[in-house]
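Inside the fold
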Amino acid sequence: MSTKAVIVVDMLNDFVTGKLKVDRAQRVIPNIKRLVEAARAIHIPVIYVNDAHYPQDLEVTRKWGEHAIKGTKGAEIIPELKPVESDYVLEKRTYSGFYETGLDPLLRSLYKGKGVKTLVLCGLHTHICIRHTAADAFFRGYSIVIVKDGVEAFTDEDHEQGLKYLKQVYGAKILTTAEVIAGFC
Ligand code: ZN
C-alpha cells in the first residue's frame, strides 16, 4: 500500500471565480477532479487545506485585501470539487497548509498510524500556497510530488518559476495528473 496523500490547496470560490479569481485556474479543475476520484477509489486520503481568514489576518491586511473570509461563500470549496465524507477538510490562515492547521498530526495518524510519506500537491497557487506548503512538508521530511497540470498561478511566469523553485529547492517531483494516477497502486 502506498503511503501517499493528495493535498488540495485553496480550490475556493474566491480564487477561482471570486475576489482573487484567475481564469487560468479553470484548466486545473478537471485534472484535480480526476486525481481525487482516483485517490478515493483506492483509499488514498484526500485532504483539503483551505484559506479561512479573519479580516485581521496579515495576508488580508498587508497584502491581498479581503479574500476567503471564514464563513463566507468565497471561502467555500468550488462546487466542482466538493469533498466527500471520507475526505479531510482543514482551515488555514496563512500560505502554508501546515501552519497551525493540524495537518502534520493528521498525516502522521493515517495508514493505521504508520503515517503518510509522500504528499501529492495540487491547487493554487504554484508560487505561493503550494510553495509554502511544500516548504513545510520538506522541513518535516515528507516527499513531495507536484501535479504540474493540477497547480496554477496568476501568470505563466509565476507558474513556471514556481515549479522550477519547487524542484530546485525541495526536490519535488513534477508529474502530470496521468503520471500521478498511474503511480497510484
Ligand atoms: Zn489567503
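Scroll up to find the structure.
Figured I'd write up the structure that's included with this text. For clarity, every value in this text was computed on a predicted model and none was experimentally measured.

Some details on the coordination of the zinc ion
Coordination sphere of the zinc ion, protein contribution only: Asp51 (OD), His53 (NE2), Glu59 (OE) and His67 (NE2), at 1.8 to 2.2 Å. Its four donor atoms give the zinc ion angles of 90 to 150° at the centre, a pattern that matches the irregular case. Mapping the donors of the zinc ion onto the primary sequence yields the spacing D-x1-H-x5-E-x7-H. Judged on exposure class, the residue His53 and its partner Glu59 are both buried.

Remarks on empty space enclosed by the protein
One way to see where empty space is left: roll a probe the size of a water molecule over the atoms. Evaluation of the coordinates by the stated rule reveals one cavity of 30 Å³ or more. In this structure, the largest cavity encloses a volume near 70 Å³. Lining the largest cavity are Phe15, Leu20, Asp51, Glu59, Trp64, His67, Tyr95, His125, Ile128, Cys129 and Phe154. Residues belonging to the lining of the largest cavity are distributed by class as follows: seven nonpolar, two polar and two charged.

A look at the sheet that holds strand β2 (residues 46-51)
The strand order β3-β2-β1-β4-β5-β6 describes an open sheet built from six strands, whose pairing is parallel. The sheet is open, and its two borders are formed by β3 (88-92) and β6 (173-175), each paired with just one other strand. Direction aside, neighbouring strands of the sheet carry axes that sit 25° apart on average. Bridge analysis of strand β1 (residues 4-9) against β2 gives four bridges, and the strand direction is parallel. The residue of β2 that forms the bridge with Val9 is Val49. Where helix α6 (residues 156-170) meets the sheet, its contacts fall on β5 (143-152) and β6, and the angle it forms with β5 comes to roughly 175°.

Considerations on the layout of surface pockets
Considered as a void within the structure, the largest pocket measures approximately 150 Å³ in volume. For the largest pocket, the full set of lining residues is Arg40, His43, Ile44, Pro45, Val46, Ser86, Asp87, Tyr88, Leu110 and Tyr111. Of the residues that constitute the lining of the largest pocket, the class distribution is six nonpolar, two polar and two charged.

What to know about the packing of helix α5 (residues 129-139) against α6
Running from N to C, α5 and α6 point in directions that differ by 10°, and their axes come no closer than 10 Å. With respect to each other, α5 and α6 are oriented roughly parallel. Contacts between α5 and α6 involve Ile130, Arg131, Ala134, Ala135 and Phe138 from the first element and Tyr165, Leu166, Val169 and Tyr170 from the second. A class-by-class count of the residues in the contact of α5 with α6 yields eight nonpolar, no polar and one charged.

What to know about the packing of aromatic side chains
For the structure shown, the criterion picks out five aromatic pairs. Aromatic side chains Phe138 and Phe139 sit 6.1 Å apart centroid to centroid with 70° between the ring planes, which places their arrangement in the edge-to-face category. The exposure class assigned to Phe138 is partly exposed, which follows from its relative accessible area of 40%. Assessed through its relative accessible area of 60%, Phe139 is described here as exposed. Positioned above the aromatic ring of Trp64, the side-chain terminus of Lys63 is 4.8 Å from the ring centre. We note Arg131 situated over the ring of Tyr165; from NZ or CZ to the ring centre the distance is 3.5 Å.

A look at helix α2 (residues 29-41)
Taking 1.5 Å of rise per residue, the 13 residues of α2 would be expected to cover 18 Å, and the 18 Å separating its terminal C-alpha atoms lies within 8% of that figure. Summarising the contacts, the buried residues of α2 are in contact with β1, α1 (13-16), β2, β4 (118-124), β5 and α7 (177-182). Just beyond α2, the residue with positive phi is His43, at close to 60°.

Describing the side chain of Thr126
Mapped onto the elements of the fold, Thr126 is located in the loop between β4 and α5. Among the polar contacts listed, one links the side chain of Thr126 to the side chain of His159, at a separation of 2.8 Å. Other than its neighbours up to four places away in sequence, Thr126 contacts Arg131, Val151, Glu152, Ala153, His159, Gly162, Leu163 and Leu166.

Reading the values: the criteria
Residues numbered from 1 in each chain as written. Predicted model: local features only at pLDDT ≥ 70, side-chain atom pairs only at ≥ 80, totals over all residues. Heavy atoms only, no water. Donors = N, O, S within 2.8 Å, 3.2 Å for Na, K, Ca; no water. Tetrahedral: all angles 85-135°; square planar, octahedral: opposite > 155°, others 65-115°. Buried < 20%, exposed > 50% of the residue type's maximum accessible area, 1.4 Å probe, protein only. 1 Å grid on protein atoms, 1.4 Å probe; cavity = no way out; pocket = protein on both sides within 12 Å on 5 of 7 lines; lining within 4 Å. Points joined across faces, edges and corners; volume = space filled by probe spheres on them. Nonpolar A, V, L, I, M, F, W, Y, C, P; charged D, E, K, R; others polar. Pairing = 2+ DSSP bridges. Helix = DSSP H or I, 4+ residues; strand = E, 2+ residues; numbered from the N terminus. Axes fitted to C-alpha atoms, helices over the stretch in contact; angles between N-to-C directions. Contact = heavy atoms within 4.5 Å. Parallel < 35°, antiparallel > 145°, perpendicular 65-115°, else oblique. Phe/Tyr/Trp six-rings, centres within 6.5 Å; stacked < 30°, edge-to-face > 60°. Lys NZ or Arg CZ within 6 Å of the ring centre and 35° of its normal. Expected span 1.5 Å × (residues − 1). Polar contact = N/O pair within 3.5 Å; in protein donor to acceptor, adjacent residues only side chain to side chain.

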